[in-house]
Protein chains: 2
Amino acid sequence: MLTPGAFRALHRPGDPLVLPNAWDLASARWLRAAGHSVVGTTSLGVAYAAGRTDGAGETRRETLDLARRLTAAGIAVTVDLEAGFSDDPDEVGDFAAELADLGVVGGNIEDSDAEGRLVDPGSAARKVAAIASSAPGLYLNARTDPFWVDAGGGAPDRADAAVERAIAYLEAGATGLFVPGILELEVVARLTRDIPAPVNVLVQDRITVPELAAAGVARVSTGSLLFRIALGAIDAAARGIRDGRHVGDPGTPSYAEVVGTA
Amino acid sequence: MLTPGAFRALHRPGDPLVLPNAWDLASARWLRAAGHSVVGTTSLGVAYAAGRTDGAGETRRETLDLARRLTAAGIAVTVDLEAGFSDDPDEVGDFAAELADLGVVGGNIEDSDAEGRLVDPGSAARKVAAIASSAPGLYLNARTDPFWVDAGGGAPDRADAAVERAIAYLEAGATGLFVPGILELEVVARLTRDIPAPVNVLVQDRITVPELAAAGVARVSTGSLLFRIALGAIDAAARGIRDGRHVGDPGTPSYAEVVGTA
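About the criteria used
- Residues numbered from 1 in each chain as written.
- Chains lettered and ligands numbered in written order.
- Predicted model: local features only at pLDDT ≥ 70, side-chain atom pairs only at ≥ 80, totals over all residues.
- Heavy atoms only, no water.
- Buried < 20%, exposed > 50% of the residue type's maximum accessible area, 1.4 Å probe, protein only.
- Helix = DSSP H or I, 4+ residues; strand = E, 2+ residues; numbered from the N terminus.
- Pairing = 2+ DSSP bridges.
- Right-handed = clockwise from strand over helix to strand, strands pointing away.
- Core = buried A, V, L, I, M, F, W, Y, C linked by side-chain atoms within 4.5 Å.
- Contact = heavy atoms within 4.5 Å.
- Buried area = accessible area lost by both parts, 1.4 Å probe.
- Polar contact = N/O pair within 3.5 Å; in protein donor to acceptor, adjacent residues only side chain to side chain.
- Least-squares fit on C-alpha atoms with pLDDT ≥ 70 in both.

Q: Is there a simple way to explain the pairing of strand 8 (residues 199-202) of chain A in this structure?
A: Walk down a regular strand and you will see the side chains alternate between the two sheet faces. Residues and elements named next belong to chain A. Where burial is concerned, the two faces of strand 8 agree: the one with V199 and V201 and the one with N200 and L202 are both buried. By the bridge criterion, two bridges tie strand 7 (residues 176-178) to strand 8 in an arrangement that is parallel. Counted as the bridge partner of F178 is N200 from strand 8. Chirality of the crossover, the property in question, places the unit of strand 7, helix 8 (residues 185-194) and strand 8 among those that are right-handed. Here strand 8 runs beside strand 9 (residues 219-221); their pairing, made up of three bridges, is parallel. By the bridge assignment for strand 9, L202 is matched with S221.

Q: Just checking my understanding: could you explain the nonpolar core for this structure?
A: Grouped together as the largest cluster of nonpolar side chains are 148 residues, with contacts concentrated most on I195 of chain A together with I195 of chain B. If we ignore the near neighbours within four places in the chain, the residues touching I195 of chain A are V163, A166, L170 and L177 of chain A.

Q: Help me understand the interface of chain A and chain B, please; the structure alone is not making it clear to me.
A: On the chain B side, the residues contacting the 59 residues of chain A number 59 residues. Approximately 5,000 Å² of surface area, both sides summed, lies buried where chain A meets chain B, with 70% of it carried by carbon and sulfur atoms. Area buried by chain A at its contact with chain B is led by Y48, I234 and Y255 of chain A, which between them contribute 15% of it. Put simply, chain A and chain B have 15 residue pairs in polar contact (both at pLDDT 80 or more) between them. Going through the elements one at a time, helix 2 (25-33), helix 3 (43-49), helix 9 (209-214), helix 10 (225-242) and helix 11 (255-259) of chain A are the ones with two or more residues in the side of chain A that touches chain B. Per-element accounting of the side of chain A that touches chain B gives the leading share, 15 residues, to helix 10 of chain A.

Q: What should I look at first to understand unusual backbone geometry in this one?
A: With glycine set apart, most residues show a phi of negative sign, and most peptide bonds adopt trans. Backbone geometry places E82 of chain A, a non-glycine residue, at a positive phi of 50°. Taking relative accessible area as the criterion, E82 of chain A reaches 1% and is therefore assigned buried. You will see that F85 of chain B, though not glycine, has its phi angle at about 60°, which is positive. Since its relative accessible area comes to 14%, F85 of chain B is described here as buried.

Q: I keep staring at the environment of A67 of chain A and nothing clicks. Help me out?
A: All names here are of chain A. In this structure, A67 sits in helix 4 (residues 60-72). Accessibility expressed as a relative area gives 2% for A67, which makes it buried. A sequence separation of 48 residues divides A67 from E115, and the C-alpha atoms of the two residues are 26 Å apart. Not counting residues within four places of it along the chain, the set of residues in contact with A67 comprises V79, L99, L102 and V104.

Q: Honestly, the relation of the copies chain A and chain B in this entry has me stumped. Any pointers?
A: For the pair chain A and chain B, the relating rotation is 180°, the translation along its axis is 0.0 Å, and the fit reaches an RMSD of 0.0 Å. When the rotation and shift are considered jointly, the pair of chain copies conforms to a two-fold rotation axis. In terms of C-alpha distance to the rotation axis, chain A has A230 of chain A as its closest residue, with the C-alpha 2.3 Å off the axis. An overlap of 100% is found between the interface residues of chain A and their copies at the interface of chain B, pointing to a shared contact surface.

If you want it as structure tokens, here you go:
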């Protein structure tokens, strides 16, 4: 299994780690079988599979359970901690330490709340500092959400906010920065120029991975995309079957191929 | 939520129920949102997601947990019991009663073992009888596996075995019969002619649902297909992203669409 140090080394600005996000042991096992040495988790998938609300701090137990299952299966994972499942930095630090003890290689912590509002950067930085202190081995990916929530202002204002928050989180001990949302290429370039640490963005609808690489990105995450693609695929297949079509394609594994997966 | 009686009424020979099989609450919620009033479970998906072996009786707890989650969410479900997770018919009956108490509408029980061998039909019939007695409200779908395991013989011999076993299971109290495997259309017609109960087959590679309907089938299950399609889709998407392509399609739900699903 990948060590935290080896995971860190995969973050190369200009040659990014493309990190697929899993939501259960099945998706994680299959992604590993497909050659991915590490997966992230997607809080949307974890929350939806638990019948809970994403980003609302409701899935502490499920997040820990998933981390336990994946590490027990020898799958390297970086965990989406949402906002740490607590307002108390000490509790956030304890949770991160619990994950680190399991062998988790990294974690994301975000600076917006369940209502989709940016929180005070000082309060987010205190959580970052608590994690950095209690789980120093983790690749601590601080997520800043000016482009994710309805933060007001245009792209330049949001980029200013992202950079300012990024620097506060790096000073608090973050390893890298994650800026989710739909970004223009010039914003990506601005972020990688002004944030002195590996920058992580989501896979984009209008910008390809090679373009993100050229703009200096060090990690591209799929976020909830693979989970949503899986949902869309089963809906389309069930509909096709009902309509009398043959479904699946050469990329659909056979029963024996799934059973034969380590 | 669908009652067992309403579920039974959906089994119309010639106008089959197309039953999608889910493996977790996420897939089941999404299928319900897509308009499916009932789902089955797929033991392959349940086992793979638990890091266990399919068809080996290793997922009793996970099967019960999934039934509990789905019924708690108000999702009508018929549960794959594999071979009942016990050699003792009384224990199999107790397990079925536990499922029925949760509000499960039906269950499948199979007559092959972990090594892929057909078991003695008398022993399988005793499990069917135990379920019929302890959970009389369940739609009890007895699965017979001459076309699923390597039973030897050609299609006519296997069809003879399937019909003979089907009749034994119906006499023991089964509601319907499930004959998984790859079938020729004439075999399907033979099964529906000679089995005096609703016949369930898997979705087929070479026969469409309208053809199965015309041959008298009352239920078409997707088995592990949707699960395998989901795995294939996330692998293909992750690969595509790495290769610089845009992935997903108009059928891929947005983040907001998933969050907005009941």
